[in-house]
Amino acid sequence: MWDASKCDLCGECLVRCPYVEYDKEKAAANIQALMDEKDAEILHRCVTCCACREYCPTGADPFDLILRAMEEKKTFPVPPDMAKIFDLAATVPASVSIGDSDKPALSLCIMEGNLPPGAVDGEMFKGMTIVKGGDYFCYVGYVHLGQESPVEKHARQFIDNLAGLGKDIVFLHDDCYAMVDAKIKDYGITAPFRYMHLYEYMRNYLRDHQSRITPLGKKVAYQRPCASRYTPAKDAFLDEIFQLIGVERVNRRYDRGEALCCTGAFIRVYPDLAREIQAKNIDDAVASGADALVTLCPMCDRVLRKPAAAKGLTKIYVTDLCRMALGELP
Ligand code: SF4
Ligand code: SF4
């Protein structure tokens, strides 16, 4: 949540924004205008990638400031048919497949249909309780429509529904993990259950089953989801996973703090810019010598499928990559 007391107007947030070219003065002037509750150019240029949240060195959370102003001033030009699109999640029936009592639940929220087939098959996920449907959806996607209020509105019910499972929970969707690990704190809510990210769960599994691993000897480019800006610490688990399965995460321009949005957030709002960003991102992955592009977010996976294929770059979902190392997939 935006904390004006932490902002010293250094401008770092918008100087580093990958979608504008601001110098320190212009960046600081935009933040100052927003602090004064005035309009600012960034409200009309922001693509909602969340990156400035991570860039701010003092933790002032400038993305929250920008997002709330965008919603209030209705500056994100979202097409009318998309403005309430995530409300459709409520129509997706809830489903809980009970697994072994000693294993955690795996939450797929409403993302199963966007996952590659078989993405959560195999020994790693065997025996887990599988949880799906609108009751378990976090609505964080609304930030990509320039809206904060629907996320807050659904937060309490989301946490209560998950708590009702009476299980430890593993989150596959980065948005849901961002909600539980970061956003609910802004709303004064605490999670009354233990939880972890998919990466921590897979790291633990792979560490406990090292004898089953055949190192892949691949070089991969990683597509870091926008929601990871809320939870950057978990990147360490991914690095450990890659180490365990013998994969090199190529050192490319658009990874880690400099990652680009897959463009799913704004492809219908700014289609020309989306095509330009996709091309920069995929070209960078190819130029870095990667054998494949590895995805985590089901939306990134879906959006980048065709652009990667068009440049001859194989796309692999992260669970499939681990299953290859475990000998479950060719
Ligand atoms: S959310 Fe992304 S696009 Fe928007 S101002 Fe921050 S860094 Fe720039
Ligand atoms: S929000 Fe953070 S990065 Fe942006 S000007 Fe303020 S202190 Fe600097």
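Since we're looking at a predicted model, the values are computed, not measured.

## Concerning the overall build of the chain
Scanning the chain from terminus to terminus reveals eleven helices and nine strands. Here the C-alpha radius of gyration of the chain, 20 Å, is about what a compact globule of 330 residues would show, namely 20 Å. Each of the three principal axes of the chain carries a C-alpha extent, and together these read 60 × 45 × 35 Å. Out of the 330 residues in the chain, the part that is buried amounts to 56%. Put simply, of all contacts in the chain between residues at least 6 apart along the chain, 74% involve residues at least 24 apart. Accessible area of the chain: about 13900 Å², with a carbon and sulfur share of 51%. Here the chain carries 41 positive and 47 negative side-chain charges, and the mean point of each set is 3 Å from the other.

## Re helix H6 (residues 174-186)
Helix length check: H6, at 13 residues, gives a terminal C-alpha distance of 18 Å against a target of 18 Å (1.5 Å per residue), a fit within 8%. The sharpest bend along H6 measures roughly 45° and falls at valine 180. Counting buried positions over the 13 residues of H6 gives eleven, a clear majority of the element. For H6, the set of buried residues is Asp174, Asp175, Cys176, Tyr177, Ala178, Met179, Val180, Ala182, Lys183, Ile184 and Asp186. Where H6 is buried, its residues meet helix H3 (51-55), strand E2 (105-109), helix H5 (149-163), strand E4 (169-171) and strand E5 (195-197).

## Topic: the packing of aromatic side chains
For the structure shown, the criterion picks out eleven aromatic pairs. Look at phenylalanine 125 and tyrosine 201: their rings are 6.2 Å apart centre to centre, the planes differ by 25°, and that puts the pair in the stacked class. You can see phenylalanine 125 sitting in the loop between E2 and strand E3 (129-132) and its partner tyrosine 201 sitting in helix H7 (residues 198-208), a full 76 residues away along the chain. A ring pair is formed by tyrosine 199 and tyrosine 222, whose centres lie 6.4 Å apart and whose planes are at 55°; its orientation type is tilted. Placement of tyrosine 199 in helix H7 and of tyrosine 222 in strand E6 (residues 218-223) is noted, with a sequence separation of 23 residues between them. The class of tyrosine 199 is buried, set by a relative accessible area of 0%. Ring-pair connections join several aromatic residues into one group, and the members of that group are Phe86, Phe137, Tyr139 and Tyr142.

## A word on the site of ligand 2
Around ligand 2, 13 residues are found, and the nearest of them are Cys7, Cys10, Gly11, Cys13 and Cys56. Of the residues contributing to the shell around ligand 2, the split by class is nine nonpolar, two polar and two charged.

## Some remarks on the site of ligand 1
Around ligand 1 sit 13 residues in total, of which Cys17, Cys46, Cys49, Cys50 and Cys52 are the nearest. Mapped onto the shell around ligand 1, the elements with two or more residues apiece are H3 and helix H4 (62-73). Classifying every residue of the shell around ligand 1 by side-chain character gives twelve nonpolar, one polar and no charged.

## Observations regarding the domain arrangement of the chain
Under the domain assignment, the chain is made up of domain 1 (4-73), domain 2 (85-197) and domain 3 (201-325). One C-alpha centre belongs to domain 1, the other to domain 3; they are set 27 Å apart. Contact with domain 1, which involves 14 residues of that partner, is made by 14 residues of domain 3. Counting the surface lost from both domain 1 and domain 3, the interface buries some 1200 Å², and carbon and sulfur atoms represent 53% of this. Considering only the surface of domain 1 that becomes buried against domain 3, Tyr19, Val47 and Glu54 emerge as the three largest contributors, covering 42% of it. Put simply, domain 1 and domain 3 have three salt bridges between them. Looking at the side of domain 1 that touches domain 3 element by element, the count peaks at four residues for H3. Split into classes, the residues belonging to the side of domain 1 that touches domain 3 amount to nine nonpolar, two polar and three charged.

## A short note on the sheet that holds strand E9 (residues 314-317)
Spatially, four strands are ordered E7-E6-E8-E9 in an open sheet, and the strand pairing comes out parallel. Strands with a single pairing partner mark the edges of an open sheet, and in this sheet they are strand E7 (247-249) and E9. Across the sheet, the mean angle separating the axes of adjacent strands is 40° when strand polarity is ignored. Pairing analysis gives four bridges linking E6 to strand E8 (residues 292-295), with the strands arranged parallel. Note that in E8 the partner of valine 220 across the bridge is alanine 292.

About the criteria used
- Residues numbered from 1 in each chain as written.
- Chains lettered and ligands numbered in written order.
- Predicted model: local features only at pLDDT ≥ 70, side-chain atom pairs only at ≥ 80, totals over all residues.
- Heavy atoms only, no water.
- Helix = DSSP H or I, 4+ residues; strand = E, 2+ residues; numbered from the N terminus.
- Rg over C-alpha atoms; globule rule 2.2 N^0.38 Å.
- Buried < 20%, exposed > 50% of the residue type's maximum accessible area, 1.4 Å probe, protein only.
- Contact = heavy atoms within 4.5 Å.
- Areas by Shrake-Rupley, 256 points an atom, 1.4 Å probe, with all protein chains shown as cover.
- Lys, Arg positive; Asp, Glu negative; His and termini not counted.
- Charge placed at Lys NZ, Arg CZ, Asp CG, Glu CD.
- Expected span 1.5 Å × (residues − 1).
- Bend = angle between axes of the 7 residues up to and from the residue.
- Phe/Tyr/Trp six-rings, centres within 6.5 Å; stacked < 30°, edge-to-face > 60°.
- Near = heavy atom within 4 Å.
- Nonpolar A, V, L, I, M, F, W, Y, C, P; charged D, E, K, R; others polar.
- Domains from an automatic or database assignment.
- Buried area = accessible area lost by both parts, 1.4 Å probe.
- Salt bridge = Lys/Arg side-chain N within 4 Å of Asp/Glu carboxyl O.
- Pairing = 2+ DSSP bridges.
- Axes fitted to C-alpha atoms, helices over the stretch in contact; angles between N-to-C directions.

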